[in-house]
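Results of the structural survey
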Amino acid sequence: TPSTYFSSATYTLSMWINRSTDNSYRYYLNHNSNDPSIDSGPSGSGRIRYIINGSNQFGSSGLDSGTAKDTWFHLCITSDGSDVILYINSVNKGSKGSAGTQPIMTTATLNLGAYSGSYGSKSKIDEFAIWDGTALSAPQVSAVYAAGAPVNLASLPQTFDGRIDEIAFWPGYTLTPGNATSLYNSGTP
């Protein structure tokens with residue numbers, strides 16, 4: 001729900017993107033008609049535009065991401081309430097240079113990879129994250145980036161062919177036979 005993210009003008013948005021097209025206006029994130037929105041901008045060709053409250057934060061055509069099609073890159077936008085910074089692969093590509101803005105959240109859907117069902121990104125998006133109330137520092141952005149590009153799960157060996165549900169860990173606690181029986185009796189997934 002909207003109350004679970006963007007509670008202030010301090011936040012971080014992060015995702016890995018692999019563009020399959022340079023077309024203009026391909027949306028990576030959108031909520032309630034550009035509040036907030038991340039798209040490929042009117043000029044396409046790898047530019048990134050961040051819109052909040054209808055205002056382009058980095059100019060009408062956005063910032064050149066320096067990325068090629070069919071290549072994974074890490075996008076991170078931080079807002080600390082006084083500035084908004086765009087990072088590509090942990091490199092600061094530019095800042096707004098003025099006060100950050102809090103998104104006006106409504107009950108509208110937060111769309112990942114589309115604009116209200118249209119203008120699909122025609123891209124792969126992975127590891128999307130919001131840090132509400134936290135503007136990651138440059139070293140923290142670098143750490144997220146250094147954690148690695150998304151893994152193509154299809155390329156990994158298949159070691160399990162089944163389903164697992166209700167996995168739980170109790171650090172420092174040993175289940176008694178009675179506890180285990182209670183968990184078993186609590187129902188099938």
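The structure we're discussing is the one just above.
Per-chain numbering applies: the sequence of each chain, read as written, is numbered from 1 onward. Owing to the predicted nature of the model, reporting of local features is limited to residues with pLDDT of at least 70; listing and counting of side-chain atom pairs is limited to 80 or more, with chain, interface and lining totals taken over all residues. Excluding hydrogens and water, the side-chain values take into account all heavy atoms of the structure.

Attention now moves to the overall build of the chain. A run of H or I in DSSP becomes a helix once it reaches four residues, and a run of E becomes a strand once it reaches two; helices and strands are each numbered from the N terminus. Of the regular secondary structure elements, the chain holds 2 helices and 11 strands. Helices (α) and strands (β) of the chain occur, in sequence order from the N terminus, as β-β-β-β-β-β-β-β-β-β-β-α-α. Burial classes follow relative accessibility: with a 1.4 Å probe on protein chains only, a residue under 20% of its type's maximum area counts as buried, one over 50% as exposed, and anything between as partly exposed. In the chain, buried positions account for 34% of the 189 residues. Any pair of residues with heavy atoms lying within 4.5 Å of one another is described as a contacting pair. Relative to all contacts within the chain whose residues are 6 or more apart in sequence, the contacts with residues 24 or more apart total 60%. Under the convention used here, a 1.4 Å probe and the Shrake-Rupley method define accessible areas, while residue burial counts only the protein chains that appear. Counting only carbon and sulfur atoms, one obtains 51% of the accessible surface of the chain, whose full area is about 10300 Å².

The next point concerns the packing of aromatic side chains. In this analysis, rings of Phe, Tyr and Trp, with Trp reduced to its six-membered ring, are considered paired at centre separations within 6.5 Å, and the interplanar angle assigns stacked below 30 degrees, edge-to-face beyond 60, and tilted for intermediate values. This model, assessed by the stated rule, comprises 1 aromatic pair. With 5.7 Å between their ring centres and 20 degrees between their planes, W16 and Y145 make a pair best called stacked. Of this pair, W16 sits in strand β1 (residues 10-19) while Y145 sits in helix α1 (residues 138-146), and the two are 129 residues apart along the sequence. Given the relative accessible area of 30%, Y145 is considered partly exposed.

For sheets, the rule is that strands pair by backbone hydrogen bonds, running either parallel or antiparallel. Two strands are counted as paired when DSSP detects at least two bridges linking them. Read across the open sheet, the 5 strands follow the order β9-β8-β7-β1-β11; overall the sheet is antiparallel. Looking at the sheet topology across the chains shown, the edges are occupied by β9 (91-95) and β11 (123-132). Averaged over all pairs of adjacent strands, the angle between strand axes in this sheet comes to 20 degrees, irrespective of strand direction. In this structure, strand β7 (residues 72-80) lies alongside strand β8 (residues 84-88), joined through 5 bridges in antiparallel fashion. Here an axis means a line fitted to C-alpha atoms, over the contact stretch when the element is a helix, while the angle between two N-to-C directions is reported on a 0 to 180 degree scale.

Okay, the pattern of salt bridges next. Any carboxyl oxygen of Asp or Glu within 4 Å of a side-chain nitrogen of Lys or Arg constitutes a salt bridge here. Inspection of every chain in the model, using the stated rule, returns 1 salt bridge. Residue D39 is joined to R49 by a salt bridge in which the shortest nitrogen-to-oxygen separation is 2.7 Å. Residue D39 is found in strand β3 (residues 37-39), and its partner R49 is found in strand β4 (residues 47-52); the two are separated by 10 residues along the sequence. By the burial criterion, D39 is buried, and R49 matches it.

Quick look at a nonpolar patch on the surface now. Patches draw on residues past 30% relative accessible area with no salt bridge. Two like charges within 9 Å are joined, as are two nonpolar side chains (Val, Leu, Ile, Met, Phe, Trp, Tyr) within 5 Å. Residues W170, Y173, L175 and L183 make up a contiguous nonpolar surface patch of roughly 390 Å² in combined accessible area. Tracing the backbone through its elements, the reader meets Y173 in the loop between α1 and α2 (177-185). Look at Y173 and you get partly exposed, because its relative accessible area is 47%.

The phi torsion of most residues other than glycine is negative, and most of the peptide bonds are trans. With phi around 50 degrees, N89 is a residue other than glycine that occupies positive phi space. With respect to the helices and strands, N89 occurs in the loop between β8 and β9.

Burial within β7 is extensive, with 7 of its 9 residues counted as buried. Sheet topology places β1 next to β7; 9 bridges connect them, and they run antiparallel. For I17, the partnering residue across the bridge sits in β7 and is F73.

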